[in-house]
Amino acid sequence: MSAASFLLSEDQFLCSICLDVFTDPVSTPCGHNFCKNCINEHWNSNDQYLCPMCKKVFNIRPELHINTFISEMVSQFRQEAQQKASSSSSEQQAAKPEVPCDVCTGTKLKALKSCLVCLASYCETHLEPHLTMSGLKRHQLMDPVENLEDRMCMKHDKPLELFCKTDQTCVCMLCSVLDHKAHEFVPLKEEYERKKAELGKTEAEIQEMIQKRRLKIQEIKHSVDLSEEAADREKAEGVQVFTALKESVERSLNELIETIEEKQRTTEKQAEDFIKELEQEISELKKRSSEVEKLSHSEDHLHLLQNFPFLKAAPPTKDWTEVSVHQSSYEGTVVRAVETLCKQMKKLFETELMKVQQYAVDVTLDPVTAHPALILSKKKKQVHHGDVWKNLPDNPKRFSFCIFVLGKQSLSSGRFYFEVQVKEKTDWTLGVARESVNRKGNITLSPQDGYWTILLINGNEYKASNSPPVDLSLKSRPQKVGVFVDYEEGLVSFYDVDAAALIYSFTGCSFTEKLYPLFCPCGNGNGMNSAPLIIRRVNQTV
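Residues numbered from 1 in each chain as written. Predicted model: local features only at pLDDT ≥ 70, side-chain atom pairs only at ≥ 80, totals over all residues. Heavy atoms only, no water.

Core analysis: the largest hydrophobic core is formed by 49 residues, its most contacted members being Trp428, Ile454 and Phe519. The element contributing the most residues to this core is strand S22 (residues 515-520), with five residues. Leaving out residues up to four positions away in the same chain, Ile454 has contacts with Trp428, Thr429, Leu430, Lys463, Ala464, Leu472, Val481, Phe494, Ile503 and Tyr504. Listed in part, the 18 residues of the second largest apolar core include Val21, Cys51, Leu64 and Phe77. (Core = buried A, V, L, I, M, F, W, Y, C linked by side-chain atoms within 4.5 Å. Buried < 20%, exposed > 50% of the residue type's maximum accessible area, 1.4 Å probe, protein only. Helix = DSSP H or I, 4+ residues; strand = E, 2+ residues; numbered from the N terminus. Contact = heavy atoms within 4.5 Å.)

Here you go:
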């Protein structure tokens, strides 16, 4: 233990709640340590049982037990700190310079006291008159110091005994009645005590600042560790996904090449069979031609007449007029291969969608923010345009011009995800907005103005409200839209849930305040757009 203790520092034993060395240290299930009383008070004053360090939420209040190992380490650290402080104090005392006696001749002895009246320092022997003689007893003695003349008023040659609060300077008695007349004075000791108390307060504040910064260092290091873990996970998952994608592409390419080559082999085999048959017929025809030629030169009348019937006609052959090699058609082969690949890629996108769905939050609509023309369902899960403006208080949070309503739930760190049914609607807007957005008068939808949204216009125009707006080309019409936000990453993504496809992502965003889900069902459009926007429970099995 003694060898290891040299590696220990105070910030390793600080409770992140009280910023002091642990008292009765306990550990939470997530592995972080706090004073037992601190974490209990923290949980008693909050609605959730949440770890102050990593923000992990416990559904049931954890049972806490004293961490005996850390408790022993803290005890060891306190002992070593006290020993170190004691040693440091002794060293400071030893390092304090000795003041020589001003009266001693030859070898000067160490002074015990300095006199502010005599402006001299005295050893034990020469101090005796100041302790016994009535006239000298009234002199002001203090612990021995050098440069006593610095403690005298330069103008009146009197001891600096008072503190002028008006001019914030040390003065003598004559100064108080001459140069500083009518000023406010206090004895030096009184001002000394007050200033010492202020320094103590300053020191406490500085120590608190140091502790807070040590805690911030721990927090930053912890964030880096979490980020590194997340980065490793993402890299591993990325390698897995792209390896699978690469294998799918290679497999699809090999299947495509094999299909084409198989068709080519079929064509070549057919051509070889035709050529073989034709060459066989040519051989037969050559043989007959030779026999005909030989017979035609014969001078044997009887022989020619007897064989003429057999050689008169050409041997039987196939009619090759309509015969041709069937050329394979490759039309659609590549398209079908790509379609197969797309199905495989869709499975990968489904996996990716399931990853973001794990950050689902139970979003409800906030009636305090709803435009007066909007109708919210009883459970605050649906919203549609009511065609009539209700007479509602125009509070600062309410949208008074644009037909918007925000969700009650906010995000200031981490990630969240929610899904909204947009089925049977011709116009809508969905996304997130920062807390400080303009809610009165005309509004511009753009990230610069605090809105990250996508929208449908006239039933067929999809746009992302970037700056400038981005036209979106979608293969299918989304029936349910998923919205995912990664606060630290500065990412807002929109998904077609049923198609498991990414619609659009805002990247490189800089979030500095709370973000809220935003919903706009738009006007009813003479009944064409009367369907509500519905916040749906996330289906993890998509």
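Applying the stated criterion across every chain yields a total of 19 salt bridges. The partner of Glu208 in a salt bridge is Lys212, with the nearest N and O atoms 3.4 Å apart. Of the two residues, Glu208 and Lys212 both sit in helix H7 (residues 188-296), four residues apart, roughly one turn of that helix. Here Glu258 and Arg265 are joined by a salt bridge, their closest N and O atoms 2.9 Å apart. According to the relative accessible area criterion, Arg265 is partly exposed, its value standing at 37%. (Salt bridge = Lys/Arg side-chain N within 4 Å of Asp/Glu carboxyl O.)

Attention now moves to the sheet that holds strand S20 (residues 491-496). In spatial order, the strands read S11-S12-S23-S14-S19-S20-S21; together these seven strands make up an open sheet with antiparallel pairing. Both edges of this open sheet fall to strand S11 (374-376) and strand S21 (501-506), since each of them pairs with a single strand only. Going from strand to strand, the sheet's axes swing by 20 degrees on average, the running direction of each strand aside. Note: strand S14 (residues 415-421) against strand S19 (residues 480-486), seven bridges, orientation antiparallel. Residue Gln421 lies in a different strand from S19, and its bridge partner there is Lys480. (Pairing = 2+ DSSP bridges. Axes fitted to C-alpha atoms, helices over the stretch in contact; angles between N-to-C directions.)

In this section: the environment of Thr340. Mapped onto the elements, Thr340 comes out in helix H9 (residues 333-357). Sequence-wise, Thr340 and Ser252 are 88 residues apart; in three dimensions their C-alpha atoms are separated by 7.5 Å.

Residue Pro468 is reached from Ser467 by a cis peptide bond, and omega for that bond is 5 degrees. Positionally, Pro468 belongs in the loop between strand S17 (461-464) and strand S18 (470-472). Non-glycine residue Cys522 carries a positive phi angle of around 65 degrees. Mapped onto the fold, Cys522 is located in the loop between S22 and strand S23 (533-536). Unusually for a residue other than glycine, Asn526 sits at a positive phi of about 55 degrees. Its relative accessible area of 84% is what places Asn526 among the exposed residues.

Our next topic: the sheet that holds strand S5 (residues 113-115). Across the sheet, three strands lie side by side as S6-S5-S7; this open sheet has antiparallel pairing. Edge strands, defined here as strands with exactly one partner in the open sheet, are strand S6 (120-122) and strand S7 (141-142). Lying on the sheet, helix H4 (residues 124-132) is in contact with S5, S6 and S7; it crosses S6 at an angle near 110 degrees.

The next point concerns the packing of aromatic side chains. Counted by the stated rule, this structure contains 13 aromatic pairs. Here Tyr504 and Phe506 contribute two aromatic rings whose centre-to-centre distance is 5.0 Å and whose plane-to-plane angle is 80 degrees, an arrangement assigned as edge-to-face. Take Tyr504: its relative accessible area is 16%, and that puts it in the buried class. Above the plane of the ring of Trp320 lies Lys318, whose end atom (NZ or CZ) is 4.7 Å from the centre. (Phe/Tyr/Trp six-rings, centres within 6.5 Å; stacked < 30°, edge-to-face > 60°. Lys NZ or Arg CZ within 6 Å of the ring centre and 35° of its normal.)

Where burial is concerned, most of S14 is hidden: six out of the seven residues are buried. Pairing of S14 with S23 involves three bridges; the strand directions are antiparallel. Along S23, the bridge assignment pairs Val420 with Ile535.

Moving on, we get to the side chain of Lys425. Mapped onto the elements of the fold, Lys425 is located in the loop between S14 and strand S15 (428-434). Of the buried charged residues, Lys425 lacks a salt bridge, with Asp427 as the closest side chain of opposite charge at 7.5 Å. A distance of 3.2 Å separates a polar atom in the side chain of Lys425 from the backbone oxygen of Asn529. Residues within four places of Lys425 in sequence aside, it is in contact with Leu456, Arg477, Pro521, Asn529, Ala531, Pro532 and Leu533. (Lys, Arg positive; Asp, Glu negative; His and termini not counted. Polar contact = N/O pair within 3.5 Å; in protein donor to acceptor, adjacent residues only side chain to side chain.)

Looking at the chain, pLDDT values average 86 and 94% of them are 70 or higher. In the predicted structure, residues 1-7 sits below a pLDDT of 50 and forms four contacts with residues beyond four places in sequence or in another chain. (pLDDT = per-residue confidence, 0-100.)

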